Amino acid sequence: MSEAIGWWGVPLAVFGGAVRVSTPFLFVSLGECITERSGRINLGLEGTLVMGAMSGYAVSYTTGSPWLGVIAAGAVGVLMGLAHGLICSLDRVNDIAVGIALMLFGIGLAFYLGKPFIQPAAPQLPSIDFGWWSDIPQVRAALKINALFLVGVALAPFLLWTFKNTRWGLILRTVGENAEAARALGYAIIPTRVIATCVGGFLGGIGGSFLSLYYPGSWNERLSSGQGITAVALVIFARWNPMLCFYASLLFGGAGALGPSLQSVGVTQGYYLFNAAPYVLTLLIMILTCSPKRTLIGAPGELSITR
Amino acid sequence: MGSDFTLNRRRLLQGAAAGATVAALAGLPTARRAYAADFTVGFIYVGPHDDFGYNQAHAQGAAAVKKMAGVKVLEEENVPEDVAVEKSMESMIQQDGAKLLFPTSFGYFDPHILKIAPKYADVRFEHAAGLWTDKLPKNIGSYFGYIFEAQFINGIVAGHTSKSGKLGFVAAKPIPQVLQNINAFTLGAKLVNPKATTQVIFTGDWSMPVKEAEACNSMIDQGVDTVTMHVDSPKVVTQTAEKRGAMTCGYHCSQAALAPAGYLTGAEWNWTDLYPKFVTMAMKGEMIPNFYRGGFKEGLIKQSPYGAKVGDAAKKQADEVKAALSAGTYLIFKGPLKDNKGKEVIAAGASLSQSNESDVQLESMHFLVEGVLGDLPG
Amino acid sequence: MMGEEAVTATPRVGLPSASILPGLRALANALVQPVAALIVSLLLFGLFVAFAGVNPLHVYAYMFQGSFGSWFSVQNSVTRASPLILTALCTALPAQLGLMIIGGEGALVMGGLFAALVGVGMNGASPLLVQCTMALVAMVAGGIWIALAGGLRHWRGVNETISSLLLVYIAIAILNHVVEGPFRDPKSLNKPSSPSIGDANLIGNIPGTEIHWGLVFGLIACVIAYVLINRTAFGFSARVAGGNVRAARMVGLPVGRLVLTVCFLGGAAAGLAGMVEVAAVQERANASLIAGYGYTGILVSFLARHNPLAIVPVAILLGGIGASGGLLQRHLDLPDAATVVLQGILFVVILASETYQGRLRLFPERAGE
């Protein structure tokens, strides 16, 4: 077996953890980024994430194909997004509250329908070995990278480009920035927002399927420890920029890996506090990057959360 | 007992008159009549009852009780350790006429069972792992298994099969039941390989899938090649180790199906024997012992069948020790024993035997033996 | 669709002469929307369980039996409701200012932890003094915790919804760290806990019932909150600022102070809930404080439309849903999550029905009355 690598294990685990743990954050935050760019906030992505994890696992188990599971998770996410998008399109309905409601509903539904799938082991997503050049097993393990992560990595710059350079991106940003102006330009506001929420849900569902189909790779009721909702927070400190969402997710995943890896090299005190590191980090970054004086750079003007 | 039931039923029916009317209107199955004839037993779990772990082991016991004639089994899962469990117990008693309850989670005991039991003298409360003392109500019983005996066997097998001599233990919280297992596992491994060490990582809670997977990964990165665990559901740790090509010793239930390559053996509960025994005693009106402990000898625990990687030498030594444990002639925690800071915790000649005389000491264990890499908080 | 429910709701309101009681009519009109939403939700839930192969009528019958069908069930529901009343205020009070706080769980945990610290530290003093100090300290701890979110919002522009949620995770980490390390009772073997606050300091049950005094604390807090919001200049300013911060600043309202005060009061209510959990249920601080009351409180607050008086019946209703979960599991083999699904449906339907706010009236106001 492998040799010990001592303290080198910490940065390696943080790197490996960043890649492994960050994927759900990456997908949920990219999805939320699209939704928020349209001027809506969907806190229900936590529920979408859990529903995605459950349905992805269930479909992978029943069909034997993990990729079908991923697609199913995305489809369920679209449905959840559609529900959010349509309900929020009613007059006087608060999108933050609907998000919280759908979070509860999604979690409840996933637990309800997921009972028969706690036990069975579903086929898992494969990983791609990028560490073939190394002789060190730990490095090889850290460089076993899941295809979904790579999709997410490609998606971030693609979204950035789409926002800036395509007609669809322009419509999305206009609707999110100033509904009046968008209306004057003849853009359909509600359909744009509903579609943006559905796309957000799609990515959120896929993020969930990563949890159950790759890492940690199992369905149970304690699977998500608030990844969905923290990913929504990530979008705010990533200032609605997909590339920054990507970096923030990596940072967050790495922070999550810090607690266990410090224990493995002998830092044994205060593991609860280390385990809370991602949350403290998010809060600190939000404190440092937000400002009451100027409008948040990049914040969509129609977003209820920044008004 | 019959008269008790009538009384209970009358009280129930009076109280629930309105509810019963509605129930009748809705054409509910006349469940209550069945309860009068049957002996009703309630099981309460803190998590899902099919978690490949702690709750599933109890649910398997409940399933064995279900097969008994004249017994009606009630089950509730995911019941938190607060007012909810108090009300679940009372509801099983008042609304369904339960006579024997198994609230199975550690945290149900104090203060919840201690609060409810005095109110229902004719109901028996059987709790896993609580420390019953004669100052507590007589209708409370506490039972538990010396499952660390099976973790000791796990350790022996791991000591033989591990190449690096570095073992890993993913633990939820530093409580005595968990420390017993960590220590016994380490002592078992050291019996084979005196240089063996066990790295411990506390995840902080009973079910933290991502943390458990991370803990498992980071230990394997540190050269650990065999892991075991004490968390509510060993599924994630077992699967993560399997993915990384490491070996696993299971806990609570058999996880062999999850890790066909790397599963060595496992420490399992055997509630399927004990629970029907307790229910039979309660039905006959016999007194279940208030304080009941046992290991291999009493049949409260068992060992998973050995996996493919376990060699003959390992099997032979493990079987010998298991036979000695089953005969009641083997001591695991015996002096001189030092903790991992060099302090003597059991003096030469002394021991903590698997018997009622040292149960209290065993179940207040607060040290990690020499060879464990890790530290207790505070 | 909604007209039909309005009809269903009619017989529920016994109306004397509407002409002499315009207040009652207003109440009836205010009730139409939530009652209609409740009925729609129950119907949707019935449909849902029917899909799972369970007879919805059985579900309703057991739900009624488990929640309000007997004195035992009523007490069960009300006991479960009492922490929810207090945690709901943690969302409802800041909501008057337009702030959306979802971190009541964190305030409850901090309140419970500090209540236990004080209760253990003062062991031996007169119980009433200990209890009052515990309540006070818990309220301050919970209050500061939510005021942090409010302060960050005011001074740094940090979104309070997300910061209050992050603070929940941080509070839980602190609780676990403290009760497993520096403040652990060595006698708490398998459930790491703080030392017990002592039997003498427990607050006990309301005589003649099995409902602890936490319920009364909740009722008092709701009445105070109602008076504060609806009958004082402070409440008026808060509502003005909640309507339009810029306008409030222009007329010289101290927005910052309002934000901090309202958040502090909300957090104090949730902190008090933590103290009640320690002093009436757990007798000590440990991980059992993390039971999700803070999250259910958000739901209660929204269903009550952030009205402190409406919080009480809504909390009892949700307590009832929780109380009936056991019977559904035991008799119909429904998963425990069935009640969460119902709560989720109820929440979504209530919010969607907001759009009909004001349009649904049983008794249209007639001219000349």
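Residue indices follow the written sequence of each chain, beginning from 1 at its first position. Whichever chain is written first is A, and whichever ligand is written first is 1; the rest continue in order. Only residues with pLDDT of at least 70 get local features here, since the model is predicted, and only at 80 or more are side-chain atom pairs given and counted; chain-wide, interface and lining totals rely on the full set of residues. The side-chain numbers reported here are obtained from all heavy atoms of the structure, hydrogens and water having been left aside.

J.: How should the overall build of chain A be read in this particular structure?
T.: Secondary structure follows DSSP: runs of H or I at least 4 residues long count as helices, runs of E at least 2 residues long count as strands, and numbering of each begins at the N terminus. Assigned secondary structure in chain A consists of 13 helices and two strands. Atoms considered for the radius of gyration are the C-alpha atoms alone. The globule rule reads 2.2 Å times the number of residues to the power 0.38. Relative to the compact-globule value of 19 Å for 307 residues, chain A shows a C-alpha radius of gyration of 20 Å, a close match. Along the three orthogonal principal directions, the C-alpha set of chain A runs to about 65 × 45 × 35 Å. Remark: exposure states derive from per-residue accessible area (1.4 Å probe, protein chains only) relative to the maximum for the residue type, with buried under 20%, exposed over 50%, and partly exposed in between. Looking at chain A residue by residue over its 307 residues, the buried ones come to 64%. Across chain A, every contact between residues at least 6 apart in sequence was considered, and the portion connecting residues at least 24 apart equals 76%. Each accessible area is a Shrake-Rupley estimate made with a 1.4 Å probe; only the visible protein chains count as cover when residues are assessed. Total accessible area computed for chain A in this model is approximately 10,800 Å², and 70% of it derives from carbon and sulfur atoms. Each charge class in chain A can be summarised by its mean position, and for the 17 positive and 12 negative side chains these summaries are 5 Å apart. The contact criterion used throughout is that any non-hydrogen atoms of two residues lie within 4.5 Å. Charged-residue counts in this description rest on Lys and Arg as positive and Asp and Glu as negative, His and the chain ends being excluded. To locate a charge, take atom NZ for lysine, CZ for arginine, CG for aspartate or CD for glutamate.

J.: Explain the interface of chain A and chain C to me, please; I cannot follow it from the model alone.
T.: Interface size is commonly expressed as the accessible surface area that is lost when the partners come together. Every contact between the two is made by 44 residues of chain A and, on the other side, 46 residues of chain C. Buried area counts how much accessible surface, traced with a 1.4 Å probe, disappears from two parts once they are put together, with both parts' losses summed. For the pair chain A and chain C, the two sides together bury roughly 3,800 Å², of which 77% comes from carbon and sulfur. Looking only at chain A, the three residues that lose the most surface to chain C are Arg92(A), Tyr112(A) and Tyr272(A), adding up to 19% of its buried area. Only one rule defines a salt bridge in this text: a Lys or Arg side-chain nitrogen within 4 Å of an Asp or Glu carboxyl oxygen. The partner of Asp336(C) in a salt bridge is Lys115(A), with the nearest N and O atoms 2.8 Å apart. We define a polar contact as two N or O atoms separated by no more than 3.5 Å, with the added condition that, inside protein, one atom must be a possible hydrogen donor and the other a possible acceptor, whereas residues neighbouring each other in sequence contribute only through side-chain atom pairs. Scanning the region where chain A abuts chain C turns up six residue pairs in polar contact (both at pLDDT 80 or more). Counting only elements with at least two residues in the side of chain A that touches chain C, the list comes to α4 (95–114), α10 (227–237), α12 (271–275) and α13 (277–289) of chain A.

J.: Would you mind showing me how to read helix α4 (residues 71–96) of chain C here?
T.: Since the α-helix turns once every 3.6 residues, residues separated by three or four places project in the same direction. Residues and elements named next belong to chain C. The end-to-end C-alpha distance of α4 is 36 Å, a good match for the 38 Å that 26 residues give at a rise of 1.5 Å each. Two axes define the bend at a residue: one fitted to the seven residues ending there, one fitted to the seven starting there, and the bend is the angle between them. By the largest-angle criterion, Ala-81 marks the main kink of α4, which is about 30°, and a proline, Pro-83, follows within four residues. By the criterion of burial, α4 is predominantly enclosed, with 23 of the 26 residues buried. Looking one or two residues beyond α4, the residue adopting positive phi is Gly-98, at roughly 80°. A helix is expected to reach a length of 1.5 Å times the quantity of its residues less one.

J.: Can you help me understand the pattern of salt bridges in this one?
T.: Side-chain pairs of opposite charge can arise whenever the charged atoms involved come near each other. All names here are of chain A. With the rule as written, the count across this model stands at 25 salt bridges over all chains. Close ionic contact of Lys-115 with Glu-221 constitutes a salt bridge, the shortest N to O distance being 2.7 Å. One end of the pair, Lys-115, is in the loop between α4 and β1 (127–129); the other, Glu-221, is in the loop between α9 (189–213) and α10, and 106 residues separate them in sequence. Summarising the burial analysis for this pair, Lys-115 and Glu-221 share the class buried. Looking at Lys-115, the relative accessible area reads 12%, which means it is buried.

J.: Explain the environment of Phe64(C) to me, please; I cannot follow it from the model alone.
T.: Assignment of secondary structure puts Phe64(C) in helix α3 (residues 56–67). Separated by 256 residues in sequence, Phe64(C) and Gly320(C) have C-alpha atoms that sit 8.3 Å apart.

J.: Help me understand the interface of chain C and chain B in this model?
T.: In this assembly, 40 residues from chain C lie in contact with 50 residues from chain B. Taken together, the two surfaces of chain C and chain B that pack against each other cover about 3,700 Å², and 51% of this comes from carbon and sulfur. Of all residues in chain C, the largest losses of buried area upon contact with chain B belong to Phe72(C), Asn190(C) and Arg330(C), amounting jointly to 21% of the total for that side. Where chain C meets chain B, there are six salt bridges. Two residues, Arg330(C) and Glu76(B), come together in a salt bridge whose shortest N-O distance is 2.4 Å.

J.: Would you explain a nonpolar patch on the surface in this entry?
T.: Residue and element names in this part refer to chain A. Put simply, a patch holds well-exposed residues, over 30% relative accessible area, that have no salt bridge, with like charges counted together within 9 Å and Val, Leu, Ile, Met, Phe, Trp or Tyr side chains within 5 Å. Taken together, the side chains of Leu-79, Leu-82 and Leu-86 present a nonpolar region at the surface, about 280 Å² in accessible area. Here Leu-82 is to be found in helix α3 (residues 66–89). The exposure class of Leu-82 is partly exposed, given its relative accessible area of 33%.

J.: Even after reading the chapter, I still don't get the sheet that holds strand β9 (residues 247–252) of chain B, so can you show me in this structure?
T.: As a general point, the strands of a sheet are linked pairwise by backbone hydrogen bonds and lie either parallel or antiparallel. Residue and element names in this part refer to chain B. At least two bridges found by DSSP between two strands are what make those strands a pair. Pairing is mixed in the open sheet, where seven strands are placed in the order β12-β10-β9-β8-β6-β7-β17. Unpaired on one side and paired on the other, β12 (301–303) and β17 (372–373) mark the two borders of the sheet. Pairing of strand β6 (residues 166–171) with strand β7 (residues 197–202), which is carried by six bridges, proceeds in the parallel orientation. If you follow Phe-169 over to β7, its bridge partner there is Val-200. Its contacts with the sheet place helix α9 (residues 209–221) against β6, β7 and β8 (226–230), and it is angled at close to 165° to β6. In this analysis an axis means a line fitted to C-alpha atoms, helices contributing only their contacting stretch, and an angle means the value between N-to-C directions, from 0 to 180 degrees.

J.: Where do I start with the packing of helix α6 (residues 109–116) of chain B against helix α11 (residues 255–282) of chain C in this structure?
T.: Each pair of packed helices gets described by two things: the angle between the helix axes and the distance between those axes. Between α6(B) and α11(C), the shortest axis-to-axis distance is 10 Å and the interhelical angle comes to 50°. Relative to α11(C), the element α6(B) lies oblique. Between α6(B) and α11(C), the residues in contact are Pro111(B), His112(B) and Lys115(B) and Ala280(C), Val281(C) and Gln282(C), respectively. Considering only residue class, the contact of α6(B) with α11(C) consists of three nonpolar, two polar and one charged. To sort the angles, those under 35 degrees are grouped as roughly parallel, those over 145 as roughly antiparallel, those from 65 to 115 as roughly perpendicular, and the leftovers as oblique. The classification used treats Ala, Val, Leu, Ile, Met, Phe, Trp, Tyr, Cys and Pro as nonpolar, Asp, Glu, Lys and Arg as charged, and all other residues, Gly among them, as polar.

J.: How do you make sense of the environment of Tyr120(B) when you look at a structure like this?
T.: For Tyr120(B), the position within the fold is in the loop between α6 and β4 (124–128). A distance of 2.5 Å separates polar atoms of two side chains, one belonging to Tyr120(B) and the other to Glu90(B).

J.: Help me out: how do you make sense of the confidence of the model for chain C in this one?
T.: It should be kept in mind that the predicted coordinates are not to be read in detail where pLDDT is low. Confidence scores here are pLDDT values: one per residue, from the predictor, ranging 0 to 100. On average, chain C scores 89 in pLDDT, and the residues at 70 or more come to 91%. Note that pLDDT drops below 50 for residues 1–18 of chain C; the model gives that stretch 21 contacts with residues more than four away or on any other chain.

J.: Honestly, the sheet that holds strand β2 (residues 71–76) of chain B in this entry has me stumped. Any pointers?
T.: All names here are of chain B. A sheet is described by the order of its strands in space; here six strands give the open sequence β2-β1-β3-β4-β5-β11, paired in parallel fashion. Every other strand in the sheet has two partners, leaving β2 and β11 (291–294) as the edge strands with one partner each. Along the sheet, successive strands turn relative to each other by an average axial angle of 20°, direction set aside. Where strand β1 (residues 39–44) lies against strand β3 (residues 100–103), four bridges are found, and the strand directions are parallel.

J.: Please clarify how the side chain of Ser67(C) should be interpreted in this entry.
T.: Relative to the elements of secondary structure, Ser67(C) occurs in helix α3. Beyond its immediate stretch of four places on either side in the chain, Ser67(C) contacts Ser73(C), Val74(C), Ser77(C), Gly320(C) and Ser324(C).

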